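Descriptive structure summary
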Amino acid sequence: MATPNTTPTPTGAATTAGSVATVKAFLDALSRLDTDAALNLLAEDVVYQNVSLPKATGKAAVAKQLALFGRYCTGFEAINHRIVGDGDTVLTERTDIIEIRKVRSEFWVCGTFEVRDGKIVLWRDYFDWANILAATAKGAGRALVGLAKGLRR
């Protein structure tokens, strides 16, 4: 009588590590404002959604949104507090920092990513609108204070 194989396959661990690496590379590309490198990590049938906003379905639709990101953002950073994977699924808990000229906004985000064959097929971010509005108001206030100080000199 054969005994069932209960040893986890190395493929699962390799898949998880590869999926996490893909998501890290994607967020790093965005942090460099390198939208071309970020797009290269997306599958043709990718779905992107900031929850509570409409989905962007397909690489071309996501490219349009990233083009807006690239046009208006003068800086971006994703600080991962936690990033965990299970096979093709990667979850992130992070602080995103978006700069638009002198306005810097820092806010909490949880992200769900699904990776297939080394490409992201799902990118879904969850955040609190009140947190974003407060962070943006704080960033705008700092920018105004900086401007006022500059005018006094």
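Helix and strand counts for the chain stand at four helices and six strands. Overall, the chain shows an N-to-C arrangement of helices and strands of α-α-β-β-α-β-β-β-β-α. When the 153 residues of the chain are sorted by exposure, 35% land in the buried category. If you take every contact in the chain between residues at least 6 apart in sequence, the share linking residues at least 24 apart comes to 50%. Summed over all atoms, the accessible surface of the chain reaches about 9,300 Å², with 58% contributed by carbon and sulfur.

On to the packing of aromatic side chains. Remark: the centre distance and the inter-plane angle together describe each pair of aromatic rings, the angle taken between the planes. In total, this model carries five aromatic pairs according to the counting rule given. Look at F26 and F113: their rings are 6.2 Å apart centre to centre, the planes differ by 70°, and that puts the pair in the edge-to-face class. Pair noted here: F26 is in helix 1 (residues 10–31) and F113 is in strand 5 (residues 103–116), with a separation of 87 residues, a long-range link. Accessibility assignment for this pair places F26 and F113 in one class, buried. When the centroid spacing of 3.8 Å and the interplanar angle of 25° are considered together, the rings of Y48 and W123 count as stacked. One end of the pair, Y48, is in strand 1 (residues 42–50); the other, W123, is in strand 6 (residues 119–126), with 75 residues separating them in the sequence.

Turning to the pairing of strand 4 (residues 89–100), a few remarks are in order. For a regular strand, the rule is simple: side chains alternate between the two faces of the sheet. Sheet analysis places strand 3 (residues 75–86) next to strand 4, joined by eleven bridges and oriented antiparallel. For R82, the partnering residue across the bridge sits in strand 4 and is E93. With antiparallel pairing between neighbouring strands as the criterion, strand 3 and strand 4 make up a hairpin whose turn holds two residues, including G87 at a positive phi of roughly 65°. Looking at chain direction, strand 4 and strand 5 are connected through twelve bridges and run antiparallel. Bridge pairing links I100 to V103 in strand 5. In sequence, strand 4 turns back onto strand 5 through a hairpin of two residues, with R101 there showing a positive phi of about 55°.

With that settled, the discussion passes to the pattern of salt bridges. Tallying each qualifying case throughout the model produces eight salt bridges. We note a salt bridge from K59 to E44, for which the minimum N-O separation is 3.7 Å. Taken as a pair, K59 in helix 3 (residues 59–72) and E44 in strand 1 lie far apart in primary sequence, 15 residues in all. Residue class for K59 comes out buried when judged on its relative accessible area of 18%. For E44, a relative accessible area of 61% gives the class exposed. One salt bridge connects D125 with R94, and the closest N-O pair in it is separated by 2.8 Å. Residue D125 is found in strand 6, and its partner R94 is found in strand 4; the two are separated by 31 residues along the sequence. Pair check on accessibility: D125 and R94 agree, each one buried. Among the charged side chains, a salt-bridge network with shared partners connects R94, D96 and D125.

Judged by pairing direction, the sheet is mixed, and its six strands sit side by side in the order 2-1-6-5-4-3 without closing on themselves. In this open sheet, the two strands that pair with only one neighbour each are strand 2 (56–57) and strand 3. Across seven bridges, the pairing between strand 5 and strand 6 is antiparallel. The residue bridging E114 from the neighbouring strand is L122, located in strand 6. On top of the sheet, helix 3 reaches strand 1, strand 2, strand 3, strand 4 and strand 6; it is set at about 60° to strand 1, its chief contact.

The rules behind these values
- Residues numbered from 1 in each chain as written.
- Predicted model: local features only at pLDDT ≥ 70, side-chain atom pairs only at ≥ 80, totals over all residues.
- Heavy atoms only, no water.
- Helix = DSSP H or I, 4+ residues; strand = E, 2+ residues; numbered from the N terminus.
- Buried < 20%, exposed > 50% of the residue type's maximum accessible area, 1.4 Å probe, protein only.
- Contact = heavy atoms within 4.5 Å.
- Areas by Shrake-Rupley, 256 points an atom, 1.4 Å probe, with all protein chains shown as cover.
- Phe/Tyr/Trp six-rings, centres within 6.5 Å; stacked < 30°, edge-to-face > 60°.
- Pairing = 2+ DSSP bridges.
- Salt bridge = Lys/Arg side-chain N within 4 Å of Asp/Glu carboxyl O.
- Axes fitted to C-alpha atoms, helices over the stretch in contact; angles between N-to-C directions.

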